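As a plain string of letters, each chain reads:
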Amino acid sequence: MRTELASEPGDADRPNEDFASVGLPASGQGGSVVVLDGVTPPKGGTGCLHSVPWFTARLGGALTELTVSLPDAPLVDALSRAIARTSEAHSATCDLSHPRTPQATVVVARWTPATVEYLVLSDSALLLESPDGVVTPVLDDRLSLLPRSALATDALVDSTVRNKEGGFFTAAADPSVARRAVTGTVPRHEVRALTALTDGAGRWVERFEEGDWTDCFHLVRKEGPQALVDRVRALERGDTTRTFLGRSKTHDDATVVYVEF
């Protein structure tokens, strides 16, 4: 088995809000990948004493442990338990009902000798490659399908579509949001390799349109996760007219994990 990971903050002066882990049980019979993209809050209060990196470390650590230690628990249950555990860690000091309480997108993949399970919540991505080279993207596209008018301001997003029916969902303080994730299971023999990546790395496809998800996967497999991050950074620096980036921040935290069975 081959595993590679690259993660880079969008701003060297700010902590990386992404989280990534690869869990390999001592039995050698399986493993898991967990990738979180912490949601950067706008200026103003979040109702929480803690930072987004604190939250992603807590949630990511709990989710990694649970996916490995409870191999028979569905991934939805593992995420629900991890959210509950993280919420309990700061419910006494923080207002977890605030719409901008620390939160994150989630990608999880877990494999055994028989199956590969997956869970995707919000706009990070999971790419599965079959033995014949076909790449299947697993995406939660609810955010991308919303009209631009629904995303005009942070206040409008928070009041109408963030973690609301008809909008999009992230892992924040409510364990029940795990049921909103895109989930599935495929036979292990149908997956040769997989890549999980945050939207900061997915910009190569979604913002700059340098290729499709298949092209993105082949780049990672051939040159490694860091090569994808480096190419995104070069494209960001070159977009001086904001043709592709628009109102988005110039650089975003970017994380890529590659696993080859």
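Conventions and cut-offs
- Residues numbered from 1 in each chain as written.
- Predicted model: local features only at pLDDT ≥ 70, side-chain atom pairs only at ≥ 80, totals over all residues.
- Heavy atoms only, no water.
- UniProt positions renumbered as here; feature names shortened; annotations may be inferred.
- Helix = DSSP H or I, 4+ residues; strand = E, 2+ residues; numbered from the N terminus.
- Salt bridge = Lys/Arg side-chain N within 4 Å of Asp/Glu carboxyl O.
- Buried < 20%, exposed > 50% of the residue type's maximum accessible area, 1.4 Å probe, protein only.
- Pairing = 2+ DSSP bridges.
- Axes fitted to C-alpha atoms, helices over the stretch in contact; angles between N-to-C directions.
- Contact = heavy atoms within 4.5 Å.

Enquirer: Got a minute to help me understand the UniProt feature "domain: PPM-type phosphatase" (unreviewed entry) in the protein in this structure?
Expert: Those places that UniProt annotates as "domain: PPM-type phosphatase" (unreviewed entry) correspond, in this numbering, to residues 14–224. Strand forms 24% of residues 14–224 and helix 30%; the C-alpha atoms that close the span are 25 Å apart.

Enquirer: I tried to follow the pattern of salt bridges on my own but got confused; where do I start?
Expert: Pairs can form between side chains of opposite charge once their charged atoms are near each other. Tallied over the full model, the rule gives 17 salt bridges. Residues R142 and D140 are paired through a salt bridge, measuring 2.8 Å at the closest nitrogen-oxygen approach. Here D140 falls in the buried class, since its relative accessible area comes to 6%. Across the pair E236 and R233 runs a salt bridge whose closest N-O atoms are separated by 3.1 Å. Of this pair, E236 and R233 both sit in helix α7 (residues 225–238), 3 residues apart, which is roughly one turn of the helix.

Enquirer: So what exactly am I meant to see when it comes to the sheet that holds strand β2 (residues 18–23) here?
Expert: For sheets, the rule is that strands pair by backbone hydrogen bonds, running either parallel or antiparallel. What the 5 strands build is an open sheet, ordered β2-β3-β4-β5-β8; its pairing is antiparallel. Unpaired on one side and paired on the other, β2 and β8 (182–187) mark the two borders of the sheet. The average undirected angle you get between the axes of adjacent strands in this sheet is 5°. One ladder, built from 6 bridges, connects strand β5 (residues 115–121) with β8; its direction is antiparallel. When the sheet's bridge partners are listed, V120 is paired in β8 with V182. Running at roughly 165° to strand β3 (residues 31–38), helix α1 (residues 52–69) makes contact with β2, β3 and β4 (104–111) of the sheet. Helix α2 (residues 75–90) contacts β4, β5 and β8 of the sheet and is inclined by roughly 45° relative to β5.

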